[in-house]
Amino acid sequence: MEFNFRPILTSGCKIYVSWICLFFLHSMLCMWTSECWSYFYSDKRMNWEDARSWCRVNYTDMVAIQNREEIQHLNNWLPMKVGYYWIGIRKINDVWTWVGTNKTLTKEATNWATNEPNNGNNGETTGNSEDCVEMYIKRERETGKWNDEWCRKKKTALCYSAACKNDSCVYGECVETINSHKCDCFPGFYGERCEHVVACKPDVLIIPDKGNLSCTHKYGEYFYDSSCQYSCEVGYQTSMPGPLRCTADGNWSEPPPTCEPVSSNEVITTSLAAGGSVLGSGLLMSALWILKKLRGKAFKLAFNNNHSDMDLL
(Lines give C-alpha, C1' and ligand atoms only; values in the text may rest on other atoms or scores of the structure.)
Protein backbone atom coordinates (compact mmCIF):
# COMPACT_ATOMS: atom_id res chain seq x y z
CA MET A 1 0.00 0.00 0.00
CA GLU A 2 1.43 3.35 -1.05
CA PHE A 3 0.35 6.81 0.18
CA ASN A 4 1.34 10.14 -1.30
CA PHE A 5 -0.47 13.21 0.10
CA ARG A 6 -0.24 16.74 -1.25
CA PRO A 7 -2.31 19.39 0.61
CA ILE A 8 -4.17 22.03 -1.37
CA LEU A 9 -6.33 24.91 -0.10
CA THR A 10 -9.35 25.77 -2.20
CA SER A 11 -12.59 27.58 -1.44
CA GLY A 12 -11.86 27.51 2.28
CA CYS A 13 -11.70 23.72 2.39
CA LYS A 14 -8.43 21.85 2.84
CA ILE A 15 -8.16 19.10 0.26
CA TYR A 16 -5.61 16.32 0.16
CA VAL A 17 -4.99 14.86 -3.25
CA SER A 18 -3.85 11.34 -2.67
CA TRP A 19 -3.02 8.41 -4.82
CA ILE A 20 -3.82 5.26 -2.89
CA CYS A 21 -3.35 2.01 -4.70
CA LEU A 22 -5.07 -0.90 -3.00
CA PHE A 23 -5.32 -4.31 -4.57
CA PHE A 24 -8.60 -6.09 -3.81
CA LEU A 25 -9.15 -9.33 -5.67
CA HIS A 26 -7.12 -8.10 -8.63
CA SER A 27 -8.97 -4.74 -8.64
CA MET A 28 -7.07 -1.51 -8.05
CA LEU A 29 -8.77 1.37 -6.24
CA CYS A 30 -7.69 5.00 -6.49
CA MET A 31 -9.18 7.99 -4.73
CA TRP A 32 -9.24 11.76 -4.43
CA THR A 33 -10.13 12.83 -0.93
CA SER A 34 -10.88 15.93 1.10
CA GLU A 35 -12.01 16.85 4.57
CA CYS A 36 -15.42 17.42 3.00
CA TRP A 37 -16.07 14.41 0.80
CA SER A 38 -14.14 11.97 -1.36
CA TYR A 39 -14.22 10.52 -4.87
CA PHE A 40 -13.19 6.98 -5.70
CA TYR A 41 -12.83 4.98 -8.87
CA SER A 42 -11.89 1.42 -9.67
CA ASP A 43 -9.26 0.35 -12.13
CA LYS A 44 -11.32 -2.71 -12.95
CA ARG A 45 -14.06 -2.10 -15.51
CA MET A 46 -17.57 -3.45 -14.90
CA ASN A 47 -21.14 -3.05 -16.15
CA TRP A 48 -23.36 -0.33 -14.69
CA GLU A 49 -25.21 -2.57 -12.19
CA ASP A 50 -21.97 -4.05 -10.85
CA ALA A 51 -20.40 -0.57 -10.74
CA ARG A 52 -23.22 0.78 -8.63
CA SER A 53 -23.15 -2.22 -6.29
CA TRP A 54 -19.40 -1.77 -5.84
CA CYS A 55 -19.86 1.92 -5.00
CA ARG A 56 -22.63 1.26 -2.48
CA VAL A 57 -20.82 -1.57 -0.74
CA ASN A 58 -17.58 0.34 -0.35
CA TYR A 59 -18.67 3.99 -0.26
CA THR A 60 -21.92 5.99 -0.46
CA ASP A 61 -23.06 5.65 -4.08
CA MET A 62 -22.19 6.45 -7.68
CA VAL A 63 -21.27 10.07 -8.32
CA ALA A 64 -24.16 12.50 -8.65
CA ILE A 65 -22.96 15.63 -10.44
CA GLN A 66 -23.87 18.79 -8.49
CA ASN A 67 -22.54 21.58 -10.71
CA ARG A 68 -20.08 22.61 -13.42
CA GLU A 69 -17.33 23.13 -10.87
CA GLU A 70 -17.50 19.48 -9.89
CA ILE A 71 -17.24 18.40 -13.52
CA GLN A 72 -14.11 20.54 -13.91
CA HIS A 73 -12.57 19.07 -10.75
CA LEU A 74 -13.24 15.53 -11.90
CA ASN A 75 -11.93 16.13 -15.40
CA ASN A 76 -8.73 17.67 -14.02
CA TRP A 77 -8.11 14.91 -11.49
CA LEU A 78 -9.33 11.69 -13.10
CA PRO A 79 -7.05 9.84 -15.52
CA MET A 80 -8.24 8.95 -18.96
CA LYS A 81 -9.78 5.48 -19.04
CA VAL A 82 -10.77 3.25 -21.94
CA GLY A 83 -14.56 3.34 -22.11
CA TYR A 84 -14.73 6.32 -19.73
CA TYR A 85 -16.69 6.35 -16.42
CA TRP A 86 -20.15 5.29 -15.27
CA ILE A 87 -22.03 7.93 -13.24
CA GLY A 88 -25.20 7.74 -11.12
CA ILE A 89 -27.86 8.46 -13.74
CA ARG A 90 -30.19 5.84 -15.18
CA LYS A 91 -33.43 5.78 -17.12
CA ILE A 92 -36.23 4.57 -14.80
CA ASN A 93 -39.73 4.22 -16.25
CA ASP A 94 -38.45 6.11 -19.29
CA VAL A 95 -37.26 9.06 -17.15
CA TRP A 96 -33.60 9.98 -16.54
CA THR A 97 -33.13 9.77 -12.78
CA TRP A 98 -30.37 10.36 -10.22
CA VAL A 99 -30.29 6.93 -8.60
CA GLY A 100 -28.80 8.11 -5.30
CA THR A 101 -31.67 10.51 -4.57
CA ASN A 102 -34.34 9.04 -6.87
CA LYS A 103 -34.89 12.56 -8.23
CA THR A 104 -35.66 13.31 -11.85
CA LEU A 105 -32.83 14.84 -13.86
CA THR A 106 -33.98 18.38 -14.63
CA LYS A 107 -33.29 20.10 -17.93
CA GLU A 108 -31.21 22.76 -16.16
CA ALA A 109 -28.92 20.11 -14.63
CA THR A 110 -28.20 18.16 -17.81
CA ASN A 111 -24.75 18.04 -19.40
CA TRP A 112 -25.33 15.91 -22.47
CA ALA A 113 -22.88 15.80 -25.33
CA THR A 114 -24.06 17.04 -28.73
CA ASN A 115 -27.04 15.02 -30.05
CA GLU A 116 -27.24 13.00 -26.84
CA PRO A 117 -29.06 11.13 -25.46
CA ASN A 118 -29.93 9.31 -28.67
CA ASN A 119 -30.46 5.72 -27.52
CA GLY A 120 -27.92 4.60 -30.12
CA ASN A 121 -29.84 6.09 -33.04
CA ASN A 122 -26.72 7.39 -34.72
CA GLY A 123 -26.33 4.69 -37.35
CA GLU A 124 -24.57 2.32 -34.97
CA THR A 125 -27.64 0.93 -33.18
CA THR A 126 -27.10 -2.58 -31.84
CA GLY A 127 -30.67 -3.16 -30.72
CA ASN A 128 -29.77 -2.61 -27.06
CA SER A 129 -31.44 0.21 -25.12
CA GLU A 130 -29.01 2.82 -23.84
CA ASP A 131 -30.47 3.41 -20.36
CA CYS A 132 -27.28 4.27 -18.44
CA VAL A 133 -24.92 7.25 -18.56
CA GLU A 134 -21.16 7.60 -18.98
CA MET A 135 -19.07 10.74 -18.53
CA TYR A 136 -16.26 11.63 -20.93
CA ILE A 137 -13.01 12.37 -19.09
CA LYS A 138 -9.98 13.82 -20.90
CA ARG A 139 -11.65 13.30 -24.23
CA GLU A 140 -10.46 15.45 -27.13
CA ARG A 141 -13.98 16.67 -27.82
CA GLU A 142 -16.69 17.56 -25.29
CA THR A 143 -14.72 16.42 -22.26
CA GLY A 144 -16.85 16.23 -19.13
CA LYS A 145 -20.03 15.74 -21.17
CA TRP A 146 -22.47 12.80 -20.82
CA ASN A 147 -23.51 10.06 -23.19
CA ASP A 148 -26.25 7.45 -22.87
CA GLU A 149 -24.90 3.90 -23.14
CA TRP A 150 -25.93 0.24 -23.01
CA CYS A 151 -25.83 -0.73 -19.33
CA ARG A 152 -24.05 -4.03 -19.98
CA LYS A 153 -20.93 -2.35 -21.34
CA LYS A 154 -17.91 -2.37 -19.04
CA LYS A 155 -16.58 0.94 -17.79
CA THR A 156 -14.82 2.37 -14.75
CA ALA A 157 -16.99 2.88 -11.64
CA LEU A 158 -16.96 6.45 -10.31
CA CYS A 159 -18.10 6.73 -6.68
CA TYR A 160 -18.19 9.20 -3.83
CA SER A 161 -18.16 9.06 -0.05
CA ALA A 162 -20.59 11.54 1.48
CA ALA A 163 -19.72 14.33 3.86
CA CYS A 164 -23.32 14.47 5.10
CA LYS A 165 -24.01 12.48 8.26
CA ASN A 166 -27.25 11.73 10.05
CA ASP A 167 -26.65 14.57 12.48
CA SER A 168 -25.15 17.09 10.03
CA CYS A 169 -28.34 19.17 10.02
CA VAL A 170 -30.61 19.35 13.07
CA TYR A 171 -33.75 20.63 11.33
CA GLY A 172 -32.86 20.60 7.65
CA GLU A 173 -31.61 18.61 4.67
CA CYS A 174 -27.89 18.12 4.15
CA VAL A 175 -26.74 18.91 0.61
CA GLU A 176 -23.36 17.78 -0.71
CA THR A 177 -21.20 20.36 -2.51
CA ILE A 178 -17.87 20.10 -4.28
CA ASN A 179 -15.80 21.47 -1.41
CA SER A 180 -18.14 21.06 1.52
CA HIS A 181 -21.74 20.44 2.46
CA LYS A 182 -24.51 22.78 3.50
CA CYS A 183 -27.82 22.57 5.34
CA ASP A 184 -31.05 23.62 3.64
CA CYS A 185 -33.17 24.48 6.66
CA PHE A 186 -36.82 23.53 7.00
CA PRO A 187 -39.27 26.44 7.41
CA GLY A 188 -39.02 27.91 10.89
CA PHE A 189 -35.32 27.04 11.43
CA TYR A 190 -32.00 28.73 10.69
CA GLY A 191 -28.27 28.52 11.46
CA GLU A 192 -25.28 26.71 9.96
CA ARG A 193 -26.72 23.37 11.08
CA CYS A 194 -30.35 24.55 11.18
CA GLU A 195 -30.08 24.30 14.95
CA HIS A 196 -31.93 27.52 15.80
CA VAL A 197 -35.72 27.93 15.93
CA VAL A 198 -37.57 31.07 14.85
CA ALA A 199 -39.28 32.80 17.82
CA CYS A 200 -42.45 34.89 18.01
CA LYS A 201 -42.94 37.76 20.48
CA PRO A 202 -45.01 36.60 23.48
CA ASP A 203 -46.01 40.15 24.45
CA VAL A 204 -48.19 40.28 21.34
CA LEU A 205 -50.51 37.72 22.96
CA ILE A 206 -52.70 40.16 24.90
CA ILE A 207 -55.36 38.46 27.04
CA PRO A 208 -58.65 40.36 26.52
CA ASP A 209 -61.12 41.31 29.25
CA LYS A 210 -63.31 38.30 30.12
CA GLY A 211 -60.83 36.08 28.28
CA ASN A 212 -58.33 33.28 28.88
CA LEU A 213 -55.31 31.96 26.97
CA SER A 214 -53.84 28.46 26.72
CA CYS A 215 -50.71 27.64 24.68
CA THR A 216 -48.92 24.47 23.59
CA HIS A 217 -45.28 24.50 22.46
CA LYS A 218 -43.48 22.04 20.18
CA TYR A 219 -39.96 23.52 20.09
CA GLY A 220 -40.02 25.71 23.21
CA GLU A 221 -42.14 28.53 24.59
CA TYR A 222 -43.38 30.85 21.83
CA PHE A 223 -41.12 29.40 19.16
CA TYR A 224 -42.11 28.24 15.69
CA ASP A 225 -45.26 26.08 15.55
CA SER A 226 -46.44 27.11 19.03
CA SER A 227 -50.23 27.22 19.18
CA CYS A 228 -52.27 29.54 21.45
CA GLN A 229 -56.03 29.16 21.90
CA TYR A 230 -58.23 31.94 23.31
CA SER A 231 -61.47 31.32 25.22
CA CYS A 232 -64.01 33.57 26.95
CA GLU A 233 -66.09 33.48 30.10
CA VAL A 234 -69.75 32.40 30.00
CA GLY A 235 -71.83 34.98 28.14
CA TYR A 236 -68.94 35.98 25.88
CA GLN A 237 -67.38 34.61 22.73
CA THR A 238 -64.12 35.22 20.85
CA SER A 239 -64.20 37.57 17.89
CA MET A 240 -62.19 35.05 15.88
CA PRO A 241 -62.34 31.24 16.02
CA GLY A 242 -59.29 29.01 15.92
CA PRO A 243 -55.85 29.22 17.54
CA LEU A 244 -53.00 31.62 16.81
CA ARG A 245 -49.83 29.95 15.50
CA CYS A 246 -46.22 31.09 15.48
CA THR A 247 -45.29 31.07 11.79
CA ALA A 248 -41.93 30.44 10.09
CA ASP A 249 -41.36 34.19 9.56
CA GLY A 250 -41.56 34.94 13.30
CA ASN A 251 -45.06 36.45 13.30
CA TRP A 252 -48.31 35.22 14.80
CA SER A 253 -50.82 33.97 12.24
CA GLU A 254 -53.56 36.35 13.42
CA PRO A 255 -53.93 39.33 15.76
CA PRO A 256 -55.29 38.49 19.24
CA PRO A 257 -59.10 38.27 19.38
CA THR A 258 -61.43 40.05 21.81
CA CYS A 259 -64.25 38.65 23.93
CA GLU A 260 -67.62 39.98 22.74
CA PRO A 261 -70.91 39.74 24.70
CA VAL A 262 -73.30 37.09 23.40
CA SER A 263 -76.93 38.24 22.70
CA SER A 264 -79.87 36.55 24.48
CA ASN A 265 -81.00 34.87 21.25
CA GLU A 266 -77.52 33.46 20.75
CA VAL A 267 -77.51 32.19 24.35
CA ILE A 268 -80.81 30.38 23.81
CA THR A 269 -79.66 28.97 20.47
CA THR A 270 -76.38 27.84 21.97
CA SER A 271 -78.09 26.31 24.97
CA LEU A 272 -80.56 24.44 22.78
CA ALA A 273 -77.75 23.25 20.52
CA ALA A 274 -75.75 22.05 23.50
CA GLY A 275 -78.68 20.61 25.46
CA GLY A 276 -80.96 19.57 22.63
CA SER A 277 -79.91 15.93 22.75
CA VAL A 278 -80.41 15.82 26.53
CA LEU A 279 -83.81 17.50 26.27
CA GLY A 280 -84.92 15.16 23.49
CA SER A 281 -83.81 12.14 25.49
CA GLY A 282 -85.74 13.38 28.56
CA LEU A 283 -88.93 13.89 26.58
CA LEU A 284 -88.65 10.40 25.10
CA MET A 285 -88.26 8.82 28.55
CA SER A 286 -91.26 10.76 29.84
CA ALA A 287 -93.38 9.63 26.91
CA LEU A 288 -92.41 6.01 27.46
CA TRP A 289 -93.27 6.27 31.16
CA ILE A 290 -96.74 7.74 30.40
CA LEU A 291 -97.38 5.04 27.77
CA LYS A 292 -96.45 2.36 30.29
CA LYS A 293 -98.90 3.81 32.85
CA LEU A 294 -101.71 4.01 30.28
CA ARG A 295 -101.15 0.41 29.23
CA GLY A 296 -101.30 -0.69 32.89
CA LYS A 297 -104.58 1.12 33.45
CA ALA A 298 -106.05 -0.32 30.25
CA PHE A 299 -105.11 -3.85 31.31
CA LYS A 300 -106.61 -3.34 34.77
CA LEU A 301 -109.86 -1.99 33.27
CA ALA A 302 -110.16 -4.92 30.87
CA PHE A 303 -109.56 -7.40 33.72
CA ASN A 304 -112.31 -5.86 35.85
CA ASN A 305 -114.77 -5.87 32.94
CA ASN A 306 -114.12 -9.59 32.35
CA HIS A 307 -114.85 -10.41 35.98
CA SER A 308 -118.08 -8.40 35.82
CA ASP A 309 -119.25 -10.40 32.81
CA MET A 310 -118.55 -13.69 34.61
CA ASP A 311 -120.63 -12.59 37.64
CA LEU A 312 -123.60 -11.91 35.36
CA LEU A 313 -123.42 -15.47 34.02
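The structure under discussion appears in the preceding block.
Calculation notes
Residues numbered from 1 in each chain as written. Predicted model: local features only at pLDDT ≥ 70, side-chain atom pairs only at ≥ 80, totals over all residues. Heavy atoms only, no water. Helix = DSSP H or I, 4+ residues; strand = E, 2+ residues; numbered from the N terminus. Contact = heavy atoms within 4.5 Å. Polar contact = N/O pair within 3.5 Å; in protein donor to acceptor, adjacent residues only side chain to side chain. Disulfide = S-S within 2.5 Å. Buried < 20%, exposed > 50% of the residue type's maximum accessible area, 1.4 Å probe, protein only. Pairing = 2+ DSSP bridges.

(A) Spotlight on unusual backbone geometry. Cis rather than trans, the peptide bond between Glu116 and Pro117 has omega equal to -5°. Relative to the elements of secondary structure, Pro117 occurs in the loop between β9 (103-104) and β10 (132-135). We note that Asn115 has phi near 65°; this positive angle belongs to a residue other than glycine. With respect to the secondary-structure elements, Asn115 resides in the loop between β9 and β10.

(B) Main features of the environment of Arg193. Mapping Arg193 onto the fold places it in the loop between β15 (189-190) and β16 (196-197). As for Arg193 and Gly172, which are separated by 21 residues in sequence, their C-alpha atoms are 7.6 Å apart. Residues in contact with Arg193, not counting those within four places in the same chain, are Asp167, Ser168, Cys169, Val170, Tyr171 and Cys183. Only 2.8 Å separates the side chain of Arg193 from the backbone oxygen of Asp167, close enough to count as a polar contact.

(C) Quick look at the state of the cysteines. Following the criterion strictly, the structure yields 8 disulfides and no others. Between the sulfur of Cys132 and that of Cys151 lies a disulfide, 2.0 Å long from S to S. Linking Cys132 and Cys151, the disulfide has an S-S dihedral of approximately 100° and is accordingly described as right-handed. Taken together, the positions of Cys132 in strand β10 and Cys151 in the loop between β11 (146-149) and β12 (155-161) put the pair 19 residues apart, joining distant regions of the chain. We note that Cys132, like Cys151, is buried. Each disulfide pairs two cysteine sulfurs, and for Cys215 the partner residue is Cys228, the sulfurs being separated by 2.1 Å. Given an S-S torsion of about 115°, the disulfide between Cys215 and Cys228 has right-handed geometry. Within this pair, whereas Cys215 is found in strand β17 (residues 211-216), its partner Cys228 is found in strand β18 (residues 227-232), the two being separated by 13 residues in sequence. With relative accessibility at 23%, the residue Cys215 sits in the partly exposed group. The exposure class assigned to Cys228 is buried, which follows from its relative accessible area of 0%.

(D) Broad picture of the environment of Gly100. Here Gly100 shows up in the loop between β8 (95-98) and β9. For the pair Gly100 and Val63, spaced 37 residues apart in the sequence, the C-alpha separation amounts to 8.3 Å. Not counting residues up to four positions away in its chain, the partners in contact with Gly100 are Arg52 and Asp61.

(E) A look at the sheet that holds β18. The sheet built from 3 strands is open, its strands ordered β17-β18-β20 with antiparallel pairing. Two strands lie at the open edges of the sheet, namely β17 and β20 (244-245), each paired on one side alone. Of the strand pairs in this sheet, β17 and β18 are connected by 6 bridges, and their pairing is antiparallel. Paired with Asn212 across the two strands is Ser231, which belongs to β18.

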